[in-house]
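For reference, the chains in residue letters:
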Amino acid sequence: MPKITINDQQYEAPPGKTIIEVADEVGVQIPRYCYHPDIGVEGSCRMCLVEVEKSPKLTPACATPIADGMIVRTTTPRVQQAVRYAMEFLLLHHPIDCPVCDQSGECWLQDYYMDHARHTSRYPGTQKTQRLKAHTLGPLVKLDRERCILCTRCVRFTRNVTQTNEITVFHRGHASEIGVAGDRPFDNPYSVNVVDVCPVGALTSTDFRFKVRAWFLQGTSSICAGCSTGCNLRIDHSARALGGGAPGYSATEGTIYRTVGRRNVEVNKSWLCDEGRLSFHTMERWPRLRAAREHGSPRTVAELLPVVHQRFEAIREQYGPAAVAALGSATNTNEALFLLKKYFHNRVDFRLGDEVETYRKRQDDLLRRWDKHPNTRGALDLGLGGDLGGLRGLREMAERRQIRGMWIAFHPQLVGEDAREIVDELRRLVDALEFSVVSATHDFPWMANARIVLPMAGWAEEKGTYTNFAGRVQITARAVAPPGDARPLHLMMSELLALAGVQVSADPAAIFDWIAREVPLYADMDYDAIGPLGIVPPARPAAEIEPETEMVR
Ligand code: SF4
Ligand code: SF4
Ligand code: FES
């Protein structure tokens, strides 16, 4: 392997890598605007210039492959001066309006100015070119042309990643500017990724702009629950009480303001689809269920769990163990589904519709899949797709009085809507049962006749694991607190199991360790080893492992 020395430290790296790639891997900071690891090299901004020994000119680190024996320096006075000049050039016509710019606080121009430039502009502010501001590029993206530094990341995203080619550079030289040809709207299903890659405040998201300052946000690494791909993302939420907030949340419970693609080259590179990115708004679509009730009267979850246990035990005693069952969903975590299976003696299903038929099927050739649940593969791995026949089978058994008591855990799908037939089946199931317990994130009309209703934590309000379509186990994190008395399903199940005499830790890590001991596919897995990028269980047969990035450009 070639050996390369960066700032007097020697590293080995595979041939074909560029200087900036090796520097990123070993933690040496090289400034950049046009370079992005998942878009391709442009070599136009000149921010990444470095000194390479025996090379008379400074070299762009993003466009220079390493060679054996190469000696690179990134902090010499020549390099620093070149970066200062590049910054001064980029800021010539840039409006100095950071206080009213939505990117302020997370802007690469601000950061690099403080780190590498700190010059006083030699260009009179009155002569700065004025260009179009707050121009609508598409339904989800706005462009401020004055702030654009022409790095062409957005252009290359639509050219190389979505291959839709909407954004392009018009005119030449000083007149160059970014835009969309003709009247074509910029509305491809992955459009907001250009906001993520824009290093400055030129491209902003219509959903997020001017809602909150970046420095008030706290980021939590998690997984999108919008479909079975399981894209990695960061949830940006309020870090402290800000006042106001989205309907259904008080500020102290936490408000999610946006999600941003988190790089995982095995799953989604740096990208999210727009539906998944905005799917956190689904949690605001209906009134949240904040308190438990029995026969419509308010109670607490703590009061009702012993009642639920006694009633299920009585039904089992009177009609036999088969008279009690449960229905989870593929939006529940592995930990919740596993404990559901334990408490309900394997009489558990999770299939609301056609998840099992569609969880591997692509909706397009980038990321989206037809199954709008994050954990169908996990539910199957845990052995939940048994002979109960899914939602319809359970409803038929309830109508035939073969099942008399059920726990129904319902989390709406975050992308799109649960089909009308599913909602009708749920209503009929509740009506057919002698004793029905519904744990749900929202107060849906179909559960009006349930005997007991329990508020359940939803996506981003609980911690646990999902297994994506390809078999990768990933951690979904708790970013905000659930509303009112709502609690995660795994917690309610661990309390029911305790009432049944089985002591279970409420910690998802401990529950996962139990899964690893009992589920052969997850054998020898360790929750702490899953890490931020997830892992494919070592015991999964090679033939079952799906290629993940085959099509992700
Ligand atoms: S709009 Fe942003 S991403 Fe696109 S060229 Fe300008 S600065 Fe770069
Ligand atoms: S492709 Fe699926 S998992 Fe990825 S962002 Fe979209 S909805 Fe979420
Ligand atoms: S990052 Fe290398 S030239 Fe722009």
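Residues numbered from 1 in each chain as written. Chains lettered and ligands numbered in written order. Predicted model: local features only at pLDDT ≥ 70, side-chain atom pairs only at ≥ 80, totals over all residues. Heavy atoms only, no water.

Let's shift gears to the packing of aromatic side chains. Here the structure, examined in full by the defined rule, presents 14 aromatic pairs. Ring centres 5.4 Å apart and planes at 85° place the aromatic pair Phe410 and Phe444 in the edge-to-face group. Residue Phe410 is located in strand E18 (residues 405–410), and its partner Phe444 is located in the loop between strand E19 (435–440) and strand E20 (452–455); the two are separated by 34 residues in the primary sequence. Of the two residues, Phe410 and Phe444, both sit in the buried class. Centre to centre, the rings of Phe410 and Trp446 are 5.3 Å apart; their planes meet at 85°, and the pair counts as edge-to-face. On the criterion of sequence distance, the pair formed by Phe410 in strand E18 and Trp446 in the loop between E19 and E20 is long-range, its members being 36 residues apart. In this structure Phe410 comes out as buried when scored by relative accessible area, which is 3%. Taken together through their ring pairs, the aromatic side chains of Trp286, Phe410, Phe444 and Trp446 make up a single cluster. (Phe/Tyr/Trp six-rings, centres within 6.5 Å; stacked < 30°, edge-to-face > 60°. Helix = DSSP H or I, 4+ residues; strand = E, 2+ residues; numbered from the N terminus. Buried < 20%, exposed > 50% of the residue type's maximum accessible area, 1.4 Å probe, protein only.)

Here the chain averages 92 in pLDDT, while 95% of its residues score no lower than 70. Counting interchain partners and residues more than four positions distant, the pLDDT-below-50 stretch residues 241–251 has 27 contacts. (pLDDT = per-residue confidence, 0-100. Contact = heavy atoms within 4.5 Å.)

For helix H2 (residues 77–91), which comprises 15 residues, the first-to-last C-alpha distance of 21 Å matches the rise-based estimate of 21 Å (1.5 Å per residue) to within 8%. When H2 is considered as a whole, its buried residues turn out to be Val79, Ala82, Val83, Ala86, Met87, Glu88, Leu90 and Leu91. Contact partners of the buried residues in H2: strand E3 (49–52), strand E5 (70–73) and helix H3 (108–117). (Expected span 1.5 Å × (residues − 1).)

Taking strand neighbours across the sheet as the criterion, the 5 strands line up as E2-E1-E5-E3-E4 in an open arrangement whose pairing is mixed. Edge positions in the open sheet fall to strand E2 (9–12) and strand E4 (59–60), since each of these has one partner strand only. Strand direction decides the pairing type here: E3 and E4, joined by 2 bridges, are antiparallel. Within the sheet, the bridge partner assigned to Val50 lies in E4 and is Thr59. Packed onto the sheet, helix H1 (residues 19–26) meets strand E1 (3–6), E2, E3 and E5 and runs at close to 70° relative to E1. Relative to the sheet, H2 contacts E3 and E5, its axis offset from that of E3 by approximately 160°. (Pairing = 2+ DSSP bridges. Axes fitted to C-alpha atoms, helices over the stretch in contact; angles between N-to-C directions.)

The subject of this paragraph is the domain arrangement of the chain. With domains assigned, the chain is organised as domain 1 (3–91), domain 2 (126–205), domain 3 (214–284) and domain 4 (292–544). For domain 3 and domain 4, the distance between their C-alpha centroids amounts to 22 Å. Domain 3 puts 38 residues into the contact, and the matching count from domain 4 is 35 residues. Here domain 3 packs against domain 4, burying approximately 2,900 Å² in sum over the two surfaces, 62% of which is carbon and sulfur. Joining domain 3 to domain 4, the criterion identifies 1 salt bridge. With its nearest N and O atoms 3.4 Å apart, the salt bridge here joins Glu275 to Arg368. Remark: the boundary between domain 3 and domain 4 carries 18 residue pairs in polar contact (both at pLDDT 80 or more). Those elements giving two or more residues to the side of domain 3 that touches domain 4 turn out to be strand E11 (217–223), strand E12 (232–238), strand E13 (256–261) and helix H6 (274–277). Split into classes, the residues belonging to the side of domain 3 that touches domain 4 amount to 15 nonpolar, 18 polar and 5 charged. (Domains from an automatic or database assignment. Buried area = accessible area lost by both parts, 1.4 Å probe. Salt bridge = Lys/Arg side-chain N within 4 Å of Asp/Glu carboxyl O. Polar contact = N/O pair within 3.5 Å; in protein donor to acceptor, adjacent residues only side chain to side chain. Nonpolar A, V, L, I, M, F, W, Y, C, P; charged D, E, K, R; others polar.)

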